[in-house]
Amino acid sequence: MKYNCLIVDDEKLLADSTAEYFNLFGLNAVAVYGAESCRDFFKTNTAELILLDINLGDGSGFGLCKELRKTTDIPILFISARTSDDDKIVALNIGGDDYVQKPYSLGVLLAKVKAVLKRYGRSAASGYSDGHLSVNFEERQVEVNGAAVKLTALEFRLLSYLIENKGKVISKNELFEKVWGDKFTGDGTLNVHIRRLREAIEINPNSPEYIITVWGDGYKFMRGSE
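Residues numbered from 1 in each chain as written. Predicted model: local features only at pLDDT ≥ 70, side-chain atom pairs only at ≥ 80, totals over all residues. Heavy atoms only, no water.

K.L.:
Describe unusual backbone geometry, naming the residues involved and giving the relevant values.
P.N.:
Of note, R140 is a non-glycine position whose phi angle comes to about 55°, a positive value. Looking at the secondary structure, you find R140 in the loop between β11 (133-136) and β12 (141-144). For R140, a relative accessible area of 48% gives the class partly exposed. You will see that N145, though not glycine, has its phi angle at about 55°, which is positive. Here N145 shows up in the loop between β12 and β13 (147-149). Residue classification places N145 among the exposed residues on the basis of a relative accessible area of 57%. (Helix = DSSP H or I, 4+ residues; strand = E, 2+ residues; numbered from the N terminus. Buried < 20%, exposed > 50% of the residue type's maximum accessible area, 1.4 Å probe, protein only.)

Pasting the structure below:
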């Protein structure tokens, strides 16, 4: 699977909360908690950027960076509670792109990560993932609990448009125009596609947590935990 950001930090709570925050604001992020789990991650996944802690429980972030640099040139941002200027110099010299000081503001860190992704020509909103539902816009892939879900082209466009406007109420007319390209598509057609999407991605299609009906206005996409 392809992610925008891999967080490698042995402080599990901090790593998980950072990944959750990134996912909430459009980055497809995941956390692992050590050098070995980072190696395992790249056996079956890819990432466009790594947030790498200098101090890992099973090794050095510096050492892991040197190892990764043998096979990849993706940007690596070091994170550390240490304040030594020598650490910052080493981090940059061995292939790090920046150095982030703990404790950090999640909002500031998110902005920095998006800026680096943009600088390297990578998308900062190429998908969505929350542990249950994963959508990759570029590869047009949808997974639910790790299992591939097959959608029609129109169903995928509809889901993607809702996700791209996450939290915003989208009127039926807007969906007709932006997804179907036809202002005169009927409510019945939209209702059928919404039902099929719910059956494909919702835990309980009769009590949807993602595609929410806003009576009299339209629909909006929300994270399942909200």
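Moving on from the coordinates now.
K.L.:
Quick rundown of the side chain of E174? Include the residues and the values.
P.N.:
Mapping E174 onto the fold places it in helix α7 (residues 172-180). K168 provides the closest opposite charge to the buried, unpaired E174, separated from it by 4.1 Å. A polar contact is formed between the side chain of E174 and the side chain of Y161, at a distance of 2.4 Å. Not counting the four nearest positions on each side in its chain, E174 is found in contact with Y161, K168 and V179. (Lys, Arg positive; Asp, Glu negative; His and termini not counted. Salt bridge = Lys/Arg side-chain N within 4 Å of Asp/Glu carboxyl O. Polar contact = N/O pair within 3.5 Å; in protein donor to acceptor, adjacent residues only side chain to side chain. Contact = heavy atoms within 4.5 Å.)

K.L.:
Break down the sheet that holds strand β15 (residues 211-214) for me, citing the residues and quoting the values.
P.N.:
The antiparallel open sheet is built from three strands, whose spatial order is β14-β16-β15. Bordering the open sheet on either side are β14 (170-171) and β15, each of which pairs with just one other strand. (Pairing = 2+ DSSP bridges.)

K.L.:
Tell me about helix α8 (residues 187-201), residues and numbers included.
P.N.:
Between its first and last C-alpha atoms α8 spans 21 Å; for 15 residues at 1.5 Å apiece the expected length is 21 Å, and the two agree. When we look at burial in α8, the residues that qualify are L190, H193, I194, L197, R198 and I201. Projection of α8 onto a plane perpendicular to its axis shows the buried side chains occupying an angular sector of 140°, all on one side. Looking at the buried side of α8, the elements it contacts are β11, β12, α6 (153-164), α7, β15 and β16 (218-221). (Expected span 1.5 Å × (residues − 1). Arc of directions from axis to C-beta.)

The values reported here are purely geometric and, on their own, carry no functional implication.
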